[in-house]
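Breakdown of the fold
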Amino acid sequence: MCLRMMQINPAVPVSWAKRSILPVLSAGLFLWSATPARAAGTGQRIEKQFSITGRPVVVIHNVANGRIEVKSWKNSEVNVVGTQTSNKIGFEIEQVGDRIDVTATILEPGADSLDLQANLQLTVPEETELQLKTETGLIYVEQVMGDMKLESYAGDVHLKEVSGYIIVKTTGGSLVCTQCAGKLDFSSIGGNAQILQPQLNNVNLMTTTGNILFDGDFVRTGLYSMKSGKGLVEVRFSSTDSFDLKAQTATGIVDNQAASFLKPDSHGVKHIASKFTHGLFGTVGMGLAKVELSSYSGTIRIMKRD
Amino acid sequence: MQCKDIELVLEQEGLEPLPEQARAHLAECRDCRNYIADLTSLVDAAKKLPAEITPPDRIWISLRAQLEEEGIIRTPADITPVVQGSWWQSISAFFPNRVLATAMVGILIVAAAVFQIRSDRTVPVVSPDRTAKTGISLPVAKTAAAEQLVPQTSGEFDRTARDLSEQEPVATGMIVASRSPIDASLRDNLKKVNEFIAECERHLKEQPQDELTREYLSAAYQQKAELLSAMIERGRSIN
């Protein structure tokens, strides 16, 4: 909603002004509180709060440049704060039941990229589903439990203490996932993936030229697949972990820095690497989880954490 | 006329107008009248169905890549000869608008993909030369790797490689004028994926049985398809 400056003639009596302006202001406030809301203006900030009854679904599509930050609170409300650098961007915020749609649209496509910056800051209930899409700028999600799909062209994605089925797709952006739980799918062309202290039981990471770092525990019965076309795939496990390992590269190398912990497969299955690949098979502990690492031409590094 | 003759008439001539003999039979045969009534209500219901929604380009590209990977559809043997200049002149006169022409190329590619998937047969395709010659595509921003892509591909990925090579100048053309860092990033990543595809292709030429490389190549084509689709979508939003 566009708010305009109202010009009042000082010669007009105050009582008349009150009578005229108050209804207009009231109507304006009423319209502003109704959804959808739209904001546009130089350096403008818009804030909206939505009450929800169940588990909300928040959908954000930010076609402008800027950061999307999502944090949680105990309230059954979704709070949306949008800021923009110019009036060349408009926010549309809409509530339909427990679904909140936030869209930042470019009003002047030819505008300079500095004028097309829109940041969104959301506070949501802990159990919230997210579907966020942005072109550039960071996506940051903290302490949210729920399935989420996060897409970005050039922006990075940082997740902290989130859980659920997490899908992250980027073109060049990197993922940093700290203390994440549940299931994670990541795919990118040039982006890196860092998975730190996870409690994930199903992981699929795929990047064409980026690097992958998995530093943490493998959950028993978990399935882990990490692939990089040209980058480094590094796994740091602890001595208490239990997993079967299969590492393969076509033209790269397998750098096994934990040879003393890797035993031949203990389940009676004899693995043989293809004659076209360099492979490493082994078991750590009982081999309860399954870990598959591969790279086309990069290095696969396996090491134990101190 | 018998009941079976009515079916034959309907197959050949449709519901209306029915010949005199058929109408005479219907006057006496309740089953056939019911049959005609059913057909009529079906046709009426079909006319009321909403128009088909066209799925986005990436669905067809991904679907075809998957079908080719699984060997369900085959690779074409031939490429259509280059179209004559006079044909293009009439087309270019018809599509003076750059965006309209670009959209038309996109529609043609999708239509070709749909036809191929439905018929399980290959159709003659527009060669990259033709695309360049017609000028429908915008300034070509192919990388060296992409230019080498078609000759290097072999077997199961031929069709995918060719289609993506055709779509590439369209997609890059749509954001070629943009100085936005996002578009620079998209172009940079396209270059990366093209280089990776070329590398895998070279390796597969030497080691055709290398399944791991084949998997990476397949994934790279998938990523390229999604990237081109994203570039086209973005191009539409900024143009």
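Note that the structure is predicted; figures quoted are calculated from it, not measured. (Residues numbered from 1 in each chain as written. Chains lettered and ligands numbered in written order. Predicted model: local features only at pLDDT ≥ 70, side-chain atom pairs only at ≥ 80, totals over all residues.)

This part is about the interface of chain B and chain A. With 26 residues of chain B at the contact, the number on the chain A side is 24 residues. Elements with a minimum of two residues in the side of chain B that touches chain A: α11 (181-206) and α12 (211-238) of chain B. Per-class residue counts for the side of chain B that touches chain A are 13 nonpolar, nine polar and four charged. (Contact = placed C-beta atoms within 7 Å. Helix = DSSP H or I, 4+ residues; strand = E, 2+ residues; numbered from the N terminus. Nonpolar A, V, L, I, M, F, W, Y, C, P; charged D, E, K, R; others polar.)

Before going further, it helps to examine the sheet that holds strand β22 (residues 253-256) of chain A. Residue and element names in this part refer to chain A. The strand order β2-β5-β8-β4-β10-β12-β14-β16-β18-β20-β25-β22 describes an open sheet built from 12 strands, whose pairing is mixed. The open sheet has two edge strands with one neighbour each: β2 (45-51) and β22. The sheet shows a mean angle of 10° between the axes of neighbouring strands, direction not considered. As paired elements, β2 and strand β5 (residues 77-84) share seven bridges and run antiparallel to each other. Looking across to β5, one finds that Lys48 is bridged to Val80. (Pairing = 2+ DSSP bridges. Axes fitted to C-alpha atoms, helices over the stretch in contact; angles between N-to-C directions.)

Here is a general trend for soluble globular proteins: nonpolar side chains tend to be buried in one another's company. Among the nonpolar cores identified, the biggest contains 101 residues, and Ala220 and Met231 of chain B are the most heavily contacted of them. Ranked by residues supplied to this core, first place goes to α12 of chain B with 12 residues. Beyond its immediate chain neighbours, meaning those up to four positions away, Ala220 of chain B contacts Thr208 and Gly229 of chain A together with Val193, Phe196, Ile197 and Cys200 of chain B. (Core = buried A, V, L, I, M, F, W, Y, C linked by C-beta atoms within 7 Å. Buried ≥ 20, exposed ≤ 12 C-beta atoms within 10 Å, placed from the backbone.)

In this section: the confidence of the model for chain A. Residue and element names in this part refer to chain A. Averaged over every residue, the pLDDT of chain A is 85; residues scoring 70 or more account for 83%. Low pLDDT (under 50) marks residues 1-17, which in the prediction has eight contacts with non-local residues, meaning those over four places away or in another chain. In this model, residues 28-41 is a region of pLDDT below 50 whose contacts with residues beyond four sequence positions or in other chains number 29 contacts. (pLDDT = per-residue confidence, 0-100.)

Below, the discussion takes up unusual backbone geometry. All names here are of chain A. Its identity as a non-glycine residue notwithstanding, Gln179 has a phi of 55°, on the positive side. Here Gln179 shows up in the loop between β14 (175-178) and β15 (181-188). Backbone geometry places Gln197, a non-glycine residue, at a positive phi of 45°. Relative to the elements of secondary structure, Gln197 occurs in the loop between β16 (193-196) and β17 (199-207).

Residues and elements named next belong to chain B. Averaged over every residue, the pLDDT of chain B is 69; residues scoring 70 or more account for 59%. Averaged pLDDT values for the elements of chain B fall to 34 in helix α7 (residues 128-134) and rise to 91 in α11. Below pLDDT 50 for its whole length, residues 90-96 participates in five contacts with residues either more than four positions away or in separate chains. A low-confidence stretch, residues 117-153 stays under pLDDT 50, and its non-local contacts, those more than four residues away or across chains, total 87 contacts. This prediction of the complex comes with two scores: 0.65 for pTM and 0.78 for ipTM.

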